[in-house]
Amino acid sequence: MNNLAIFTVWNYPTKEDFYQILDSLDEQGVGFVEIGIPVTNPYVDGDLIQEAHKKVIDTGLTTSDLEEDLKLIKERYSFKVILMTYKEGVELFDIDKLSHTLYDGIICVDQVLKASQFNSPVYIFNEDLTNQELENFLISDSQFNYVMSGRGKTGSFDSVPSEYIKTIKRINQIKPQSKNFIGFGIKSKADIMNVIENGADGAIIGTAFIQIFLDKGIEGINEYLKSLK
């Protein structure tokens, strides 16, 4: 499952639940875990993830809390840690001041982060980007390229759009050795196999994973992760 990234929100629904989720992800051999750092207006995300952000940020977490949790996560688990947030989250939790040893990459939805300030920024690619923007993003090495299957909010797709196929081709023309992971609308093993057959190197699952946890708990996500292998 090294080619799978799972998104979950930091300390959601509770700190205990969050660590149980991480235990499950590690036990099932997931390669990357995207940890959502909460903000007040995660406007690119759908209702489910927006509610998760609100629930967590209302608890009053601090930069020290984030640093302590990331230290524990790096000590305890083998998956790569990718932080995912917005400009607001970067500023609210002083992420630019965190040790680069505490995480393996960072995605910022609404701000281009510099590799000189952050550890291995992961950039988001879609068909809105010009060739020059693609080239600028591909200069730096990252854990993977986050390629949107289609434009829209997370959790808003009934099926996986196909815009990513063209985006991957454009990326590979510039940097053939790129590692392209597809996000938005991925729910099942069939979805993962489909995007890989269309040129992707891996997949990202967010809303579907969180919904299964809310509906079926830890046992539910254990079964779900097994079904993706």
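Provided above is the structure to which this section pertains.
Since this is a predicted model, take the numbers as computed values, not measurements.

## Description of the side chain of Glu34
Relative to the helices and strands, Glu34 resides in strand β2 (residues 32-36). Those residues in contact with Glu34, other than ones at most four positions away along the chain, are Ala5, Ile6, Phe7, Thr8, Ile82, Met84, Ile107, Phe144, Tyr146 and Ile204.

## Considerations on the environment of Leu48
Structurally, the position occupied by Leu48 is in helix α2 (residues 47-57). Leu48 gets classed as buried once you look at its relative accessible area, which sits at 19%. In this structure the C-alpha to C-alpha distance between Leu48 and Gly36, which are twelve residues apart in sequence, comes to 13 Å. If we skip the residues at most four places from it in the chain, Leu48 touches Thr207, Ile210, Gln211 and Leu214.

## Brief notes about the packing of aromatic side chains
For the structure on display, the rule yields ten aromatic pairs. Measuring from ring centre to ring centre gives 5.2 Å for Phe32 and Phe144, while their planes differ by 80°; the resulting arrangement is edge-to-face. A residue pair is termed long-range when its members are at least 10 positions apart, and Phe32 in strand β2 and Phe144 in the loop between α5 (131-138) and β6 (145-148) qualify at 112 residues. Taking the relative accessible area as the measure of exposure, Phe32 reaches 5% and is therefore buried.

## Quick look at the packing of helix α1 (residues 15-27) against helix α8 (residues 207-228)
Following both chains from N to C, one finds α1 and α8 inclined at 35°, their axes separated by 10 Å at the closest point. Our pair here, α1 against α8, has a crossing hand that is left-handed. Between α1 and α8, the contacting residues are Asp17, Gln20, Ile21, Ser24 and Leu25 on the first element and Phe209, Phe213, Ile218, Ile221, Asn222 and Leu225 on the second. Broken down by class, the residue content of the contact of α1 with α8 amounts to seven nonpolar, three polar and one charged.

## Considerations on the pairing of strand β1 (residues 4-9)
Counted residue by residue, β1 has six buried out of six residues, so it is predominantly covered. Side chains of β1 alternate between two faces, with Leu4, Ile6 and Thr8 and Ala5, Phe7 and Val9 buried alike. Note: β1 against strand β8 (residues 202-205), three bridges, orientation parallel. Across the sheet, Ile6 pairs through a bridge with Ile205, a residue of β8. Taken together, the five bridges between β1 and β2 define a ladder with parallel strand orientation. By the bridge assignment for β2, Val9 is matched with Gly36. With respect to chirality, the unit in which β1 leads through α1 into the neighbouring parallel β2 is right-handed.

## Some thoughts on the sheet that holds β6
Strand order in this open sheet of eight strands is β4-β3-β2-β1-β8-β7-β6-β5, and the pairing throughout is parallel. The sheet terminates laterally at β4 (105-108) and β5 (124-125), the two strands that pair on one side only. One ladder, built from five bridges, connects β2 with strand β3 (residues 80-85); its direction is parallel. Across the sheet, residue Phe32 finds its bridge partner in β3, namely Lys80.

## Focus: the pairing of strand β7 (residues 180-183)
Here β7 shows two buried faces, one formed by Asn180 and Ile182 and the other by Phe181 and Gly183. Sheet analysis places β6 next to β7, joined by four bridges and oriented parallel. Bridge pairing links Met148 to Gly183 in β7. With two bridges connecting them, β7 and β8 associate as parallel partners. Residue pairing in the sheet places Phe181 in a bridge with Gly202 of β8. Since β7 and β8 lie parallel, the crossover through helix α7 (residues 189-197) that links them has a hand, and here it is right-handed.

What counts, and at which threshold
- Residues numbered from 1 in each chain as written.
- Predicted model: local features only at pLDDT ≥ 70, side-chain atom pairs only at ≥ 80, totals over all residues.
- Heavy atoms only, no water.
- Helix = DSSP H or I, 4+ residues; strand = E, 2+ residues; numbered from the N terminus.
- Contact = heavy atoms within 4.5 Å.
- Buried < 20%, exposed > 50% of the residue type's maximum accessible area, 1.4 Å probe, protein only.
- Phe/Tyr/Trp six-rings, centres within 6.5 Å; stacked < 30°, edge-to-face > 60°.
- Axes fitted to C-alpha atoms, helices over the stretch in contact; angles between N-to-C directions.
- Left-handed = near helix turned anticlockwise from the far one by under 90°.
- Nonpolar A, V, L, I, M, F, W, Y, C, P; charged D, E, K, R; others polar.
- Pairing = 2+ DSSP bridges.
- Right-handed = clockwise from strand over helix to strand, strands pointing away.

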